[in-house]
Amino acid sequence: MIKIAVLGYGTVGSGVVEVIEKNRELVNRRATQEMEIKYILDLKDFPGDPYEDKVVHDFNIILEDDEVGIICETMGGTGVAYNFTKSALQRGKSVCTSNKELVARYGPELLETARENNCNYLFEASVGGGIPIIRPLNYSLTAERIESITGILNGTTNYILTKMEREGEDFADALLKAQEKGYAERNPEADVEGYDACRKIAILTSLMTGKNVDSEKIYTEGITGITSADFAYAKKCGYTIKLLARSEMAGSDRVLAMVAPFMVPAEHPIAIVNDVFNAVFVTGNMLGDSMYYGRGAGKLPTASAVVSDVIDCARHQGRVITCFWDKEDMLLADVADVERRFFLRGAQYAKETIINMLDGGRKIELEGRAEDFGYITSPMTERKFDDICNSLGDAILGRIRIL
């Protein structure tokens, strides 16, 4: 029998306990042995909870108990969670986590510690909630040279953008509804400014390249500047707007990674991913395109992914599961050198000047909008487009990249 400890009894931690207990027979059969939750670590007590007798407040109880072979880290953050995870791995206890911030910052170090101590550090739940994407990159697509990954990796922002598109709401109103439904935190900065998606694409890009991609070096732009007017123009042109986390190979030794809003053609598979759902679109040199879709967050979807890692650890007791993610940093291409088309929304009073400076594109007019107009540029580098927009100042009311 394998004894399990759960660190953190919040939303995901309680979900892990629920999945293991409710699906006990199935989980044990697929793990090929019996598993039992022995400890739940939390600062609080939970009187009346069915598992209150398992709650402890001292991590050392778990660390020093040789019966505990697998730990589920669902605390979040990079402080105490890092110390507990590192200590557990050094004792030869496998760790399964949903903590994308910790994985993005310390992934290669913790994987190395696990290898040195003949145990495993698994993190399927750190990207895409219940969507299986880490395991496919590690196992199913190992014969592929992955050329690009494009993801909708944050359910909060996808919900907000869906509300703006379908109901014509502005950002502030859509955000308020997301908060009322519990999809957005009281302080939504990590979601709406793109930081959450940035950590996730850093993890995926590291697995794609086999080298470490520092999330703090990835160009990141959020959705706070997107307006209902942008959606009106996007619809006229056959596009929708999504916050995309993207990485693509830029030659043999560099990768282009970024997070930003994009206008996406309506026929692209990722364009139909709405509300709190996530999707990861992967392009390989042999397979071509494949997409992984599902609920990107939530108690039980995320917990299910954690438990899938627990089962994997149970099947590989005493054996290290290979994960290609080295400490060596991957070189990042400069976003400013990338050539693409752009949408901009300009002030009517400067229309002639803007069109003359962006010669070769396409003008879009919307009935009933006298104050602005839309324009889709011809392909140009981000640097050139930035220079033109900066020279036009307040005449540029909005700008969005086109996928």
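Below or above, wherever it landed, is the structure these notes cover. All of these numbers come straight from a predicted model, not from anything done at the bench. (Residues numbered from 1 in each chain as written. Predicted model: local features only at pLDDT ≥ 70, side-chain atom pairs only at ≥ 80, totals over all residues. Heavy atoms only, no water.)

### Notes on the overall build of the chain
Logical step 1: Scanning the chain from N- to C-terminus turns up 14 helices and 19 strands.
Logical step 2: A compact globule built from 403 residues should have a C-alpha radius of gyration of about 22 Å, and the chain, at 23 Å, falls within 12% of that.
Logical step 3: The principal-axis extents of the C-alpha atoms in the chain amount to approximately 75 × 50 × 35 Å.
Logical step 4: Taken across its 403 residues, the chain has 55% of its residues classed as buried.
Logical step 5: Accessible surface, the chain: about 17500 Å² in total, of which carbon and sulfur atoms supply 46%.
Logical step 6: The averaged location of the 61 negative side-chain charges in the chain is 3 Å from the averaged location of its 46 positive side-chain charges. (Helix = DSSP H or I, 4+ residues; strand = E, 2+ residues; numbered from the N terminus. Rg over C-alpha atoms; globule rule 2.2 N^0.38 Å. Buried < 20%, exposed > 50% of the residue type's maximum accessible area, 1.4 Å probe, protein only. Areas by Shrake-Rupley, 256 points an atom, 1.4 Å probe, with all protein chains shown as cover. Lys, Arg positive; Asp, Glu negative; His and termini not counted. Charge placed at Lys NZ, Arg CZ, Asp CG, Glu CD.)

### Overview of the environment of Glu112
Logical step 1: Looking at the element boundaries, Glu112 is found in helix H5 (residues 100-116).
Logical step 2: Assessed through its relative accessible area of 29%, Glu112 is described here as partly exposed.
Logical step 3: Along the sequence, Glu112 and Leu89 sit 23 residues apart, while their C-alpha atoms lie 9.6 Å from each other.

### Here's the deal with empty space enclosed by the protein
Logical step 1: In the structure shown here, the tally under the stated rule is one cavity of 30 Å³ or more.
Logical step 2: Around the largest cavity, the lining is made up of 14 residues, and of these Leu122, Ile134, Asn138, Tyr139 and Asp309 lie nearest the centre.
Logical step 3: Breaking the lining of the largest cavity down by element, the ones donating at least two residues are strand E6 (121-122), helix H6 (134-140) and helix H12 (299-315).
Logical step 4: It is H6 that contributes the most residues to the lining of the largest cavity, four residues altogether.
Logical step 5: Of the residues contributing to the lining of the largest cavity, the split by class is eight nonpolar, two polar and four charged. (1 Å grid on protein atoms, 1.4 Å probe; cavity = no way out; pocket = protein on both sides within 12 Å on 5 of 7 lines; lining within 4 Å. Points joined across faces, edges and corners; volume = space filled by probe spheres on them. Nonpolar A, V, L, I, M, F, W, Y, C, P; charged D, E, K, R; others polar.)

### So, helix H8 (residues 171-180)
Logical step 1: Taken together, the buried positions of H8 are occupied by Phe171, Ala174, Leu175 and Ala178. Buried residues of H8 fall within an arc of 100° about the axis and therefore sit on the same side. In H8, the exposed residues that point more than 90 degrees away from the buried face are Ala172 and Glu180.
Logical step 2: At its buried positions, H8 is contacted by helix H7 (155-167) and helix H9 (189-192).
Logical step 3: Phi for Gly182, located one or two positions after H8, is positive at around 85°. (Arc of directions from axis to C-beta. Contact = heavy atoms within 4.5 Å.)

### Examining the layout of surface pockets
Logical step 1: Considering only enclosed or pocket space, the largest pocket measures out at about 1100 Å³ in volume.
Logical step 2: Within the residue set of the lining of the largest pocket, elements represented by two or more residues are helix H1 (11-22), H5, H7, H9, helix H10 (195-209) and H12.
Logical step 3: Taken together, the residues that form the lining of the largest pocket break down as ten nonpolar, 18 polar and ten charged.

### Some thoughts on H10
Within an α-helix, residues lying three or four positions from one another point in the same direction, as the helix has 3.6 residues per turn.
Logical step 1: Over its 15 residues, H10 runs 21 Å from end to end, which matches the ideal 21 Å to within 8%, given 1.5 Å per residue.
Logical step 2: Of all 15 residues in H10, twelve are buried, a share of seventy percent or more.
Logical step 3: Listed in full, the buried residues belonging to H10 are Asp196, Ala197, Cys198, Lys200, Ile201, Ala202, Ile203, Leu204, Thr205, Ser206, Leu207 and Met208.
Logical step 4: A positive backbone phi angle near 80° is found at Gly210, which sits one or two residues after H10. (Expected span 1.5 Å × (residues − 1).)

### Thoughts on the pairing of strand E2 (residues 35-41)
Logical step 1: Of all the seven residues making up E2, five are buried; the element is thus mostly covered by neighbouring parts of the structure.
Logical step 2: Looking at chain direction, strand E1 (residues 2-7) and E2 are connected through six bridges and run parallel. Pairing of Val6 across the sheet is with Ile40, part of E2.
Logical step 3: Bridging between E2 and strand E3 (residues 55-56) involves two bridges; their strand directions are parallel. Paired with Ile40 across the bridge in E3 is Val55. (Pairing = 2+ DSSP bridges.)

### Section: the packing of aromatic side chains
Logical step 1: Summed over all chains, the structure comprises nine aromatic pairs.
Logical step 2: Look at Phe123 and Trp325: their rings are 5.9 Å apart centre to centre, the planes differ by 75°, and that puts the pair in the edge-to-face class. Here Phe123 is found in the loop between E6 and H6, whereas its partner Trp325 is found in the loop between H12 and strand E13 (331-332), with 202 residues between them in sequence. Of the two residues, Phe123 and Trp325, neither departs from the other in class, the shared state being buried.
Logical step 3: Ring centres of Tyr159 and Tyr183 lie 4.9 Å apart, and the angle between their planes is 65°; this geometry places the pair in the edge-to-face category. A residue pair is termed long-range when its members are at least 10 positions apart, and Tyr159 in helix H7 and Tyr183 in the loop between H8 and H9 qualify at 24 residues.
Logical step 4: Given a relative accessible area of 35%, Tyr183 falls into the partly exposed group. (Phe/Tyr/Trp six-rings, centres within 6.5 Å; stacked < 30°, edge-to-face > 60°.)

### Here we look at the pairing of strand E15 (residues 342-347)
Logical step 1: Among the six residues in E15, six count as buried, and that is most of the element.
Logical step 2: Relative to strand E19 (residues 396-402), E15 runs antiparallel, the two being bridged by five bridges. Considered in E19, the bridge of Leu344 is made with Arg399.
Logical step 3: For E15 and strand E17 (residues 372-376), the ladder comprises five bridges, and the chain directions are antiparallel.

### A word on the nonpolar core
Logical step 1: The biggest cluster of nonpolar side chains holds 80 residues, and the ones touching the most others in it are Ile62, Tyr121, Phe123 and Leu204.
Logical step 2: Among the elements that take part in this core, H10 stands out by supplying eight residues, more than any other.
Logical step 3: Leaving out residues up to four positions away in the same chain, Leu204 has contacts with Val127, Ile133, Ile134, Leu137, Ile149, Leu153 and Val280.
Logical step 4: Of all hydrophobic cores here, the second largest spans 30 residues; its members include Ile40, Phe46, Val310 and Ile321. (Core = buried A, V, L, I, M, F, W, Y, C linked by side-chain atoms within 4.5 Å.)

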